[in-house]
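Topology and contacts: notes
If you want the building blocks of each chain, they are given just below.
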Amino acid sequence: MYDQIITIERHIIEQQRSYPEATGVFSALMYDIALAAKIIAREILRAGLADILGVAGKVNIQGEPQMKLDVFAHETMVRMNSFTGRLAVMASEEEEEIIPVSDEYGTGKYVLVFDPLDGSSNIDVAVSVGTIFAIYRRLSPKGPGVLEDCLQSGRYLVAAGYVLYGSSTVMVYTAGRGVHGFTLEPSLGEFLLSHPNIRIPTRPKYYSINQGYQEYWSEGTRQFTGWLQGLDRDDPREPLSVRYIGSLVADFHRNLLAGGIFCYPADSRKPRGKLRLVYEANPLAFITEQAGGYASTGRCNILDVQPESLHQRTPLFIGNRELVERAEEFIHSCDE
Ligand code: P6P
């Protein structure tokens, strides 16, 4: 029975064996992220109870004022990666500027960008939330990393992943050799391999979009969603079920496992969409492509977009390739 228990640490080491030149630094970086995920998971679980049990929910065990969970997640990711000498620089959804790594502990060859807790507004209603991360090799030659290290296109990603804090805590990552999912076994404090070699199902089941914004959509997006619902007389199809949680990682994870498409299009109020290119769309696009799917802005592959600023937004259509390409066709033919 025990030879079937594969921890994320063992999995990363086995993946590392495929890279003869590997020095182990990348593997150690992935452990650091997995540990940060465990710390964040514990706090999220406790935060809910703090409100219910009335424990000193407004001060933490050090007697400090209780942080907002997204700040806590951000601080945890930064702390777990600042003094390891593995990174040149970090960037977070929670910080306007890049986060230089202390020279005191040496700077490494990797770059880590992340959204520490996406969808955190959902916590109060016990909806799943998530951490999203992406890893690049540095471009700058040495010393503290710079902004350009964080503005690489998704084509240069070394690894990407997310952690879903829900009914269970699931960590999914790719290092360019398939997509692998691990479920946290709280009694062991270990992420155990639960979803080896994830492939997006050929037959999609769901589509995810905020239908409430329909009046702001472009004609192309409107016609595309009509097609998804089987309403296009010229090209009738089996209607897909709509599922929209309003928490990106939760919606993405369900569609990755069950098949489908998640859409956050540009609209008349948000001409560049809402979601962030660098630390949301790019990592999820890399994972999707590794799982046999595709991610687009509606006009081109997300991974080919050259970021111009750290927090820039992008429209996002991500999931089954045939659905995403159909979205591109509607947008290409209907929108200017
Ligand atoms: P809307 C949460 O605020 C978030 O950033 C993503 O997690 C989610 O997919 C999206 O925004 C939901 O946005 O405009 O539909 O509420």
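Above this text sits the structure in question.
Residues numbered from 1 in each chain as written. Predicted model: local features only at pLDDT ≥ 70, side-chain atom pairs only at ≥ 80, totals over all residues. Heavy atoms only, no water.

Attention shifts here to the packing of aromatic side chains. If you walk through the whole model with that rule in mind, you get 10 aromatic pairs. With a centroid separation of 5.9 Å and an interplanar angle of 55°, the aromatic rings of Phe 26 and Tyr 110 are classed as tilted. With a gap of 84 residues between them, Phe 26 in helix H2 (residues 25–53) and Tyr 110 in strand S3 (residues 110–118) connect regions that are remote in the sequence. There is no split in this pair, since Phe 26 and Tyr 110 are both buried. Centre to centre, the rings of Phe 224 and Phe 317 are 6.3 Å apart; their planes meet at 70°, and the pair counts as edge-to-face. Here Phe 224, found in helix H5 (residues 219–228), pairs with Phe 317, found in strand S13 (residues 316–319); they are 93 residues apart in sequence, far enough to count as distant. Looking at Phe 317, the relative accessible area reads 1%, which means it is buried. Following the ring pairs from residue to residue traces out a cluster consisting of Phe 224, Trp 227, Phe 317 and Phe 330. One residue, Arg 254, lies across the ring of Tyr 206, its end atom 5.4 Å from the ring centre. (Phe/Tyr/Trp six-rings, centres within 6.5 Å; stacked < 30°, edge-to-face > 60°. Helix = DSSP H or I, 4+ residues; strand = E, 2+ residues; numbered from the N terminus. Buried < 20%, exposed > 50% of the residue type's maximum accessible area, 1.4 Å probe, protein only. Lys NZ or Arg CZ within 6 Å of the ring centre and 35° of its normal.)

Right, let's talk about the sheet that holds strand S6 (residues 169–174) for a bit. Overall, mixed pairing links the eight strands, which are arranged S2-S1-S3-S4-S5-S6-S7-S8 in an open sheet. Edge positions in the sheet fall to strand S2 (99–100) and strand S8 (190–195), since each has one partner strand and no second. In this sheet, strand S5 (residues 157–165) lies alongside strand S4 (residues 129–137) in antiparallel orientation, the contact comprising eight bridges. Bridge pairing in S5 links Ile 135 to Ala 159. Sitting on the sheet, helix H1 (residues 8–16) touches S6, strand S7 (179–185) and S8, and the angle it makes with S6 is about 5°. Sitting on the sheet, helix H7 (residues 277–290) touches strand S1 (87–92), S3, S4, S5, S6 and S7, and the angle it makes with S5 is about 100°. (Pairing = 2+ DSSP bridges. Contact = heavy atoms within 4.5 Å. Axes fitted to C-alpha atoms, helices over the stretch in contact; angles between N-to-C directions.)

Before going further, it helps to spend a moment on the nonpolar core. With 41 residues, the main nonpolar core has Val 113, Tyr 162, Leu 284, Ile 287 and Leu 316 as its most contacted residues. Examining the composition of this core, we find that eight residues originate from one element, H7, more than from any other. Counting residues domain by domain, this core receives three or more from each of domain 1 (8–195) and domain 2 (206–335). In contact with Tyr 162, not counting residues within four places along its chain, are Thr 131, Ile 132, Phe 133, Val 170, Met 171, Val 172, Val 249, Phe 252, His 253, Leu 256, Leu 284 and Ile 287. (Core = buried A, V, L, I, M, F, W, Y, C linked by side-chain atoms within 4.5 Å. Domains from an automatic or database assignment.)

The next point concerns the pairing of S3. Within S3, nine of the nine residues are buried, which leaves it mostly tucked inside the rest of the structure. One ladder, built from five bridges, connects S1 with S3; its direction is parallel. The partner of Val 89 across the bridge, within S3, is Val 111. Here seven bridges tie S3 to S4, and the two strands are oriented antiparallel to one another. In the sheet register, Phe 114 faces S4, and the bridge partner there is Phe 133.

The ligand sits among Asp 118, Gly 119, Asn 210, Tyr 213, Tyr 244, Gly 246, Ser 247, Leu 248, Phe 262, Tyr 264 and Lys 274. One of the side-chain nitrogen or oxygen atoms of Asn 210 is found 2.9 Å away from an oxygen atom of the ligand. Between an oxygen atom of the ligand and a side-chain N or O atom of Lys 274, the distance comes to 2.9 Å. Coverage of the ligand by the protein amounts to 82% of the 400 Å² it exposes when considered alone. By residue class, the composition of the shell around the ligand is five nonpolar, four polar and two charged. (Near = heavy atom within 4 Å. Polar contact = N/O pair within 3.5 Å; in protein donor to acceptor, adjacent residues only side chain to side chain. Areas by Shrake-Rupley, 256 points an atom, 1.4 Å probe, with all protein chains shown as cover. Nonpolar A, V, L, I, M, F, W, Y, C, P; charged D, E, K, R; others polar.)

Helical geometry: 3.6 residues make up each α-helical turn, so side chains three or four residues apart lie on a common side. Every buried residue of H1 is accounted for by Ile 8, Glu 9, His 11, Ile 12 and Gln 15. An end-on view of H1 places all buried positions within 160° of arc, on one side of the element. (Arc of directions from axis to C-beta.)

Turning our attention to the pairing of S5. The buried fraction of S5 amounts to nine of the nine residues, a majority that puts the element mostly inside the structure. For S5 and S6, the ladder comprises six bridges, and the chain directions are antiparallel. What sits directly across from Ala 160, in S6, is Thr 174.

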